[in-house]
Amino acid sequence: YLMRVLGPVEFGRFAFGSAGAGLLGVLVDYGFNQVGTKQVACASEKGPFRASIFWSVQIAKLLLAVCFIPLLGGLAWLLGLYRDYGGILPAALAGAASAWMFPQWFLQGTQRYRTLAASLAAARVLSAIATVWLVDSREDAVIAVLLVASTGCVAGLLAVAIGNMHRELSPVWPGWMDCARQIRLGLPLFISTVAIS
């Protein structure tokens, strides 16, 4: 559908923006999909420990996004990508937001696989519907990237609503050492994931 509506040139820009969003997602996810899952699975269901793990990982992901986005923006500027992809690149930032907002690692650690699957499927269906409804000309490549890249944001909101997680995830401000520990634990997985990606 997008190839037909956008045409070859704009579809190429859309593909570039989607790839950029995917890269940002990989960088922000870091190694938390494995490390965070294990910690949550081993934590007691009662008590504030799960909430502490959740927020330390989320703050660590936010710190990584704050570090990686300017670095990638500077790299894009050095490579002269803003000339051809200037409008597309800001829309790709939704990939970082999606990686932060969709707590896949937490859902896996708490064995909420139905919530994980249902929220992701519903978000993708909504994204497809919105794409068909809103993308109808060659000027809409930015909207298409935004819709595809923000699927994780919608899935995250749906997961919190469906999984009734707001009760067990009362805000806990972790210490900087907790966030640094999460980053240190995820580093080996991050290196291997980035190398593969």
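In case you missed it, the structure is sitting above this.
Throughout what follows, the structure given in this document is the object of discussion. (Residues numbered from 1 in each chain as written. Predicted model: local features only at pLDDT ≥ 70, side-chain atom pairs only at ≥ 80, totals over all residues. Heavy atoms only, no water.)

Describing the side chain of Gln 39
The test is simple: Numbering of helices and strands runs from the N terminus; a helix is a DSSP stretch of H or I covering at least four residues, while a strand is a stretch of E covering at least two. Relative accessibility decides the category of a residue: with a 1.4 Å probe and only protein chains considered, values under 20% of the type maximum give buried, values over 50% give exposed, and everything between is partly exposed. A contact between two residues is defined here by any heavy atoms of the two lying within 4.5 Å.
Structurally, Gln 39 can be placed in helix α2 (residues 32–42). Judged by its relative accessible area of 14%, Gln 39 falls in the buried class. Here Gln 39 is in contact with Ile 53, Arg 181, Gln 182 and Leu 185, once residues within four sequence places are set aside.

Observations concerning the nonpolar core
Spelled out, the test is: The term nonpolar core refers to a set of buried residues drawn from Ala, Val, Leu, Ile, Met, Phe, Trp, Tyr and Cys, joined through side-chain atoms within 4.5 Å.
Core analysis: the largest hydrophobic core is formed by 24 residues, its most contacted members being Phe 32, Ile 53, Phe 102, Trp 105, Phe 106, Leu 107 and Met 165. The contact partners of Trp 105, leaving out residues within four places of it in the chain, are Phe 32, Asn 33, Gly 36, Thr 37, Val 40, Ile 53, Phe 54, Val 57, Gln 58 and Lys 61. Val 5, Tyr 85, Leu 89 and Ala 144 belong to the second largest nonpolar core, which has 15 residues in total.

Let's talk about helix α8 (residues 113–134)
Spelled out, the test is: The span expected for a helix works out to 1.5 Å for each residue beyond the first. Along the arc lie the directions from the helix axis toward the C-beta atoms.
Compared with the 32 Å implied by 1.5 Å per residue over 22 residues, the 31 Å span of α8 between its first and last C-alpha is a close match. Three or more residues of α8 are buried, namely Thr 115, Leu 116, Ser 119, Ala 123, Ser 127, Ala 130 and Thr 131. End-on view of α8: buried residues confined to an arc of 125°, all on one side of the axis. For α8, the exposed residues lying more than 90 degrees away from the buried face are Arg 114, Arg 124, Ile 129 and Trp 133.

Describing the layout of surface pockets
As a reminder, the rule being used: Put simply, the grid is 1 Å and covers the protein atoms alone, a cavity is a trapped set of points that fit a 1.4 Å probe, a pocket is an open set with protein on both sides within 12 Å along at least five of seven lines, and lining residues have an atom within 4 Å of a point. Grid points are joined across faces, edges and corners, and a volume is the space filled by probe spheres set on the points. For this classification, the nonpolar set comprises Ala, Val, Leu, Ile, Met, Phe, Trp, Tyr, Cys and Pro, the charged set comprises Asp, Glu, Lys and Arg, and every other residue, Gly included, is treated as polar.
Taken as a whole, the largest pocket spans an internal volume of roughly 480 Å³. Elements represented by at least two residues in the lining of the largest pocket include exactly α1 (2–29), α2, α6 (94–101), α8, α9 (141–149) and α10 (151–162). Among the elements that take part in the lining of the largest pocket, α1 stands out by supplying 6 residues, more than any other. For the lining of the largest pocket, the class distribution of residues is 8 nonpolar, 11 polar and 2 charged. Quantified by volume, the second largest pocket comes out at close to 390 Å³. Residue lining of the second largest pocket: 17 residues in total, with Gly 20, Leu 72, Gly 73, Ala 76 and Leu 89 positioned closest to the centre. For the lining of the second largest pocket, the secondary structure elements donating two or more residues are α1, α3 (49–78) and α5 (88–92). Partitioned by chemical class, the residues of the lining of the second largest pocket number 15 nonpolar, 2 polar and no charged.

Quick word on the packing of α1 against α6
What counts, and what does not: Simply put, an axis is a line fit to the C-alpha atoms, just over the touching stretch for a helix, and the angle between two N-to-C directions goes from 0 to 180 degrees. Left-handed describes a crossing in which the near helix is turned anticlockwise from the far one by less than a right angle; the clockwise case is right-handed.
Axis separation between α1 and α6 bottoms out at 7 Å; the angle between their running directions is 35°. With respect to the hand of their crossing, α1 and α6 are arranged in right-handed fashion. On α6, the residues touching Ala 21, Leu 24, Gly 25, Val 28 and Asp 29 of α1 are Gly 95, Ala 96, Ala 99 and Trp 100.

Regarding the pattern of salt bridges
Just so we agree on the cut-off: Criterion for a salt bridge: a side-chain nitrogen of Lys or Arg within 4 Å of a carboxyl oxygen of Asp or Glu.
Within the structure shown, the criterion is met by 3 salt bridges. Close ionic contact of Arg 13 with Glu 10 constitutes a salt bridge, the shortest N to O distance being 2.8 Å. Taken together, the residues Arg 13 and Glu 10, both in helix α1 and 3 residues apart, mark about one turn of the helix. Classification of Glu 10 by relative accessible area gives buried; the value is 18%. Residues Asp 84 and Arg 83 are paired through a salt bridge, measuring 3.8 Å at the closest nitrogen-oxygen approach. Residue class for Asp 84 comes out partly exposed when judged on its relative accessible area of 43%.

Things to note about helix α11 (residues 176–196)
This is how the line gets drawn: The reported bend at a residue is simply the angle between two axes, fitted to the 7 residues ending at it and to the 7 residues beginning with it.
Taking 1.5 Å per residue as the helical rise, α11 with its 21 residues ought to reach 30 Å, and the 30 Å between its terminal C-alpha atoms agrees with that figure. A bend of about 50° at Leu 187 is the largest found in α11, and the proline Pro 188 appears one to four places after it. Regarding α11, the residues found buried are Cys 179, Gln 182, Gly 186 and Phe 190. Where α11 is buried, its residues contact α1, α2 and α3.

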